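Results of the structural survey
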Amino acid sequence: MAEFENNQQTTTNSKSTTNNMTSSSLFNRSLTIHSTPVTKPYLQSTSGFFNSFESMKGKVKKLRSLFESPKPNPNELQIQATKKLQSVKSMGPEYNRLPALGFINDSRIRLPGTEDRIVVYLTSLRGIRRTYEDCYAVRMIFRGFRVWIDERDISMDSAYKKELQSVLGEKNVSLPQVFIRGNHVGGAEVIKQMFETGEMARVLDGFPRRLAGFVCAGCGDVRFVPCGNCSGSRKLFDEDEGVLKRCLECNENGLIRCPDCCS
């Protein structure tokens, strides 16, 4: 009986010792887990991603500074447009006194051969968002009055860009640029101011109106069609010499002006 009690006491002591060792090992493990620093690789990858993103943003800003013209001061544009619009109010529908007015940027800037039309130099490319939006806004203003405009898209024909640079006497020109009856009017801000004040309706009085919803059947109002001589390839085969030559009737894109709406 005494031996049985001793064995039971020994077993009880061993169990308590085992429990103490287990709890101490668990406690030590918890201390080890909480005390040792844990590296988090996903944080490193995230920080690297943000660094590369910031460097990309810097490169994009540099590219924008190369292609975009500096944003004009709104106060200066407002003062300039107000001065121009004050002189427009006394203008009649025939535009007889236009060269002597302060409405145009410079009375010496004229586009020969366009005294009977409205000419707009613009671009249809969306590479620079602000430039495209200005061109689109001016285009829609004139279309709202249903007047026919001679759209000269420099992205479709580089000759228009050279022509505009020659007329303005500047290498770096901003778009859009508007000429009315051969006289230089200005860019998007001037046209928008004239439209908002109601002066554009007076200026366009006397121009023929197009039918509502009219679209050119030849080009779909794109103003250009593929060259019929070379089918847009810009190359012609010379049977006499047996070589390919450059087509001289189309531009660098293999296009010609639409004969239906741009004649």
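Residues numbered from 1 in each chain as written. Predicted model: local features only at pLDDT ≥ 70, side-chain atom pairs only at ≥ 80, totals over all residues. Heavy atoms only, no water.

If you check an unreviewed UniProt entry, the chain appears there as Glutaredoxin domain-containing protein from Salix brachista.

1. Overview of the packing of helix H4 (residues 129-144) against helix H6 (residues 188-197)
Between two packed helices, the angle of one axis relative to the other and the distance separating the axes together describe the packing. In plain terms, the rule: Angular values range over 0 to 180 degrees, each being the angle between N-to-C directions of two axes fitted as lines to C-alpha atoms, with helices fitted over their stretch in contact. Labels follow the DSSP assignment, with helices taken as runs of H or I lasting at least four residues and strands as runs of E lasting at least two, numbered in each case from the N terminus. For any pair of crossing helices, the crossing counts as left-handed if the nearer helix is rotated counterclockwise from the farther one by less than a right angle, and right-handed if it is rotated clockwise. In this analysis, two residues are considered to be in contact whenever any of their non-hydrogen atoms come within 4.5 Å of each other. Amino acid classes used here: Ala, Val, Leu, Ile, Met, Phe, Trp, Tyr, Cys and Pro are nonpolar; Asp, Glu, Lys and Arg are charged; the rest, including Gly, are polar.
In contact at an axis separation of 10 Å, H4 and H6 are set at 35° when each is read in the N-to-C sense. When the axes of H4 and H6 are compared, the crossing they make is left-handed. In contact with Asp-134, Ala-137, Val-138, Ile-141 and Phe-142 of H4, H6 contributes Ala-188, Ile-191, Lys-192 and Phe-195. Residues of the contact of H4 with H6, tallied by class, amount to 7 nonpolar, no polar and 2 charged.

2. What about the pattern of salt bridges?
Worth spelling out the cut-off: Here, a salt bridge means any side-chain nitrogen of Lys or Arg that lies within 4 Å of a carboxyl oxygen of Asp or Glu. Buried residues are those whose accessible area, probed at 1.4 Å on protein chains only, stays under 20% of the maximum for their type, while exposed residues exceed 50% and partly exposed ones sit between those limits.
Under the defined criterion, the tally for this structure stands at 16 salt bridges. Here Asp-116 makes a salt bridge to Arg-117, at a shortest N to O gap of 3.4 Å. The class of Asp-116 is exposed, set by a relative accessible area of 54%. Residues Asp-150 and Arg-257 are paired through a salt bridge, measuring 2.7 Å at the closest nitrogen-oxygen approach. Residue Asp-150 is located in strand E2 (residues 149-153), and its partner Arg-257 is located in strand E8 (residues 255-257); the two are separated by 107 residues in the primary sequence. Asp-150 sits in the buried class, given a relative accessible area of 2%. Connected through shared salt-bridge partners, Asp-116, Arg-117, Asp-150, Arg-152, Glu-163 and Arg-257 make up one network.

3. Quick look at the packing of aromatic side chains
To keep things clear, this is the line we draw: Pairing of aromatic side chains here covers Phe, Tyr and the six-membered ring of Trp, requires ring centres within 6.5 Å, and sorts the geometry by plane angle: under 30 degrees stacked, over 60 edge-to-face, intermediate tilted.
In total, this model carries 4 aromatic pairs according to the counting rule given. Seen from their ring centres, Tyr-121 and Phe-179 are 5.9 Å apart, and the 75° between their planes marks the pair as edge-to-face. Here Tyr-121, found in strand E1 (residues 118-122), pairs with Phe-179, found in strand E3 (residues 177-180); they are 58 residues apart in sequence, far enough to count as distant. Each of the two residues, Tyr-121 as well as Phe-179, counts as buried. Ring centres of Tyr-132 and Tyr-136 lie 6.2 Å apart, and the angle between their planes is 25°; on these two criteria the pair is classed as stacked. Taken together, the residues span about one helical turn, with Tyr-132 and Tyr-136 both in helix H4 at a distance of 4 residues.

4. Brief notes about the pairing of strand E6 (residues 235-238)
Keep this limit in mind: Between any two strands, at least two bridges found by DSSP are needed for them to pair.
Summarising the sheet, E6 and strand E7 (residues 243-246) pair through 4 bridges and their orientation is antiparallel. The partner of Leu-236 across the bridge, within E7, is Lys-245. The antiparallel pairing of E6 with E7 creates a hairpin that spans 4 residues between the two strands, and Gly-242 there sits at a positive phi of about 70°.

5. Brief notes about the environment of Ser-174
Summarising the element assignment, Ser-174 is placed in the loop between helix H5 (158-168) and E3. A relative accessible area of 41% means that Ser-174 is categorised as partly exposed. For Ser-174 and Leu-122, which are 52 residues apart along the polypeptide, the C-alpha to C-alpha distance reads 9.1 Å.

6. Points about the side chain of Arg-210
Turning to its location among the elements, Arg-210 is positioned in the loop between helix H7 (199-203) and strand E5 (224-226). Setting aside chain neighbours within four positions, we find Arg-210 in contact with Arg-146, Val-147, Trp-148, Asp-221 and Arg-223.

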